[in-house]
Amino acid sequence: MSSLKLSNKPGPIGIFDSGYGGLTILREIRQRLPRFDYMYLGDNARAPYGNRSFEIVYKFTLQAVKYLFEQGCHLVILACNTASAKALRTIQQHDLPVIAPDRRVLGVIRPTVEQLGTLSNNGNIGLFATQGTITSESYDMEIAKLFPDFKLTGVACPMWVPLIENNEADRPGADYFVKQEIDRLLEKSPEVDTVILGCTHYPILYKKIRHYLPDNIKIISQGQIVAESLADYLKRHPEIESKCSQNGTSTFLTTEQPEKFAEMATLFLGNDIKAHKITFD
Ligand code: DGL
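Computed from a predicted structure; not experimentally measured. Within each chain, residue numbers correspond to sequence positions counted from 1 in written order. Confidence filtering applies because this is a predicted model: local features only for residues at pLDDT of at least 70, side-chain atom pairs given and counted only at 80 or more, and all residues used for totals across whole chains, interfaces and linings. For the side-chain quantities, the full set of heavy atoms in the structure was used; hydrogens and water were omitted.

Here the focus is the sheet that holds strand 8 (residues 218-220). Two strands pair if DSSP finds at least two bridges between them. Numbering of helices and strands runs from the N terminus; a helix is a DSSP stretch of H or I covering at least four residues, while a strand is a stretch of E covering at least two. Strand order in the open sheet formed by 4 strands is 6-5-7-8, and the pairing between neighbours is parallel. Because the sheet does not close on itself, it has two edges, and the strands there are strand 6 (151-156) and strand 8. The sheet shows a mean angle of 25° between the axes of neighbouring strands, direction not considered. The pairing of strand 7 (residues 194-197) with strand 8 spans 3 bridges and is parallel. Bridge assignment links Thr194 to a residue of strand 8, and that residue is Lys218. Angles shown run from 0 to 180 degrees and are taken between the N-to-C directions of axes, each axis being a line fitted to C-alpha atoms and, for helices, limited to the stretch in contact.

Below, the structure written as structure tokens:
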């Protein structure tokens, strides 16, 4: 049985990412559902997750989920495609029933794929994501279930997350790597009409991606989609909603330097924040 110390009191909604990327999701969720409390956890000390093995991403993600549960969260969003691809199903099916059967963990891949039907005209979808997300084939599997006629072309962008984590996203060096992966996608699949930014860090490169991608290709960022899907989930699950506290606060936790996190998060969210450092064994 669970060895976690869990309180039954309502608590914040947990938002987890390997680093800063999940802030792009939090920003939209807060805008859509401002009344709730949020607890953001960025595992910056161990980011990026993108090239790590299944075992490690699963281990780190489970540690984070357990931590957030112990802080009072009853619902945790994996605001990270890599963690959603490599750890979500195992946590939902294997761990939750044992450690916290009444708590929930949700990911970002399924809600994103659900939108494709209304966005793509020709069913040719491009995916930019981490190597881990591409190799997991999680998007391929979800698309095959919901839109079996669609064709997915994935391109791994191993340099994009390090550029963002190192605050290089707006500098000229980033242009080279953004253009390189876009060219690769268009070479593999010139008929693509919709592109998924399948990593929550990538909206931070949005301007550059939009600049190099032909105008007729739509870009799907996940923030608004995940926010809408969370609002819908809470409406359908009043038993979970009643466990989410509602004072409109946000708390930020990081496994790296809190000052650096606060500086970056302030940039992304547009308001001053304070971060606290936590450590995992
Ligand atoms: N933001 C992440 C994702 O959505 C993580 C990227 C990484 O740590 O490599 O995949």
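Moving on to the side chain of Glu181. When you line up the elements, Glu181 lands in helix 10 (residues 172-188). Think of it in three bands: residues with accessible area under 20% of the maximum for their type are buried, residues over 50% are exposed, and the middle band is partly exposed, with areas taken using a 1.4 Å probe on protein chains only. Residue class for Glu181 comes out buried when judged on its relative accessible area of 3%. What qualifies as a polar contact is a pair of N or O atoms within 3.5 Å, subject to a donor-acceptor requirement within protein and to the restriction that residues adjacent in sequence count only when both atoms come from side chains. Within the structure, Glu181 has its side chain in polar contact with the side chain of Arg184 (distance 3.0 Å). Residues in contact with Glu181, not counting those within four places in the same chain, are Phe128, Val155, Ala156, Cys157, Pro158 and Trp160. In what follows, a contact means two residues having at least one pair of non-hydrogen atoms within 4.5 Å.

Quick look at the sheet that holds strand 2 (residues 38-42) now. The 6 strands lie next to each other as 4-3-1-2-9-10, forming an open sheet whose pairing is parallel. Of all the strands in the sheet, the pair left with one neighbour each is strand 4 (104-106) and strand 10 (275-277). Here the strands of the sheet are splayed against their neighbours by 25° on average, with no regard to which way each runs. Sheet analysis places strand 1 (residues 13-17) next to strand 2, joined by 5 bridges and oriented parallel. Its bridge partner lying in strand 2, Asp17 is registered against Gly42.

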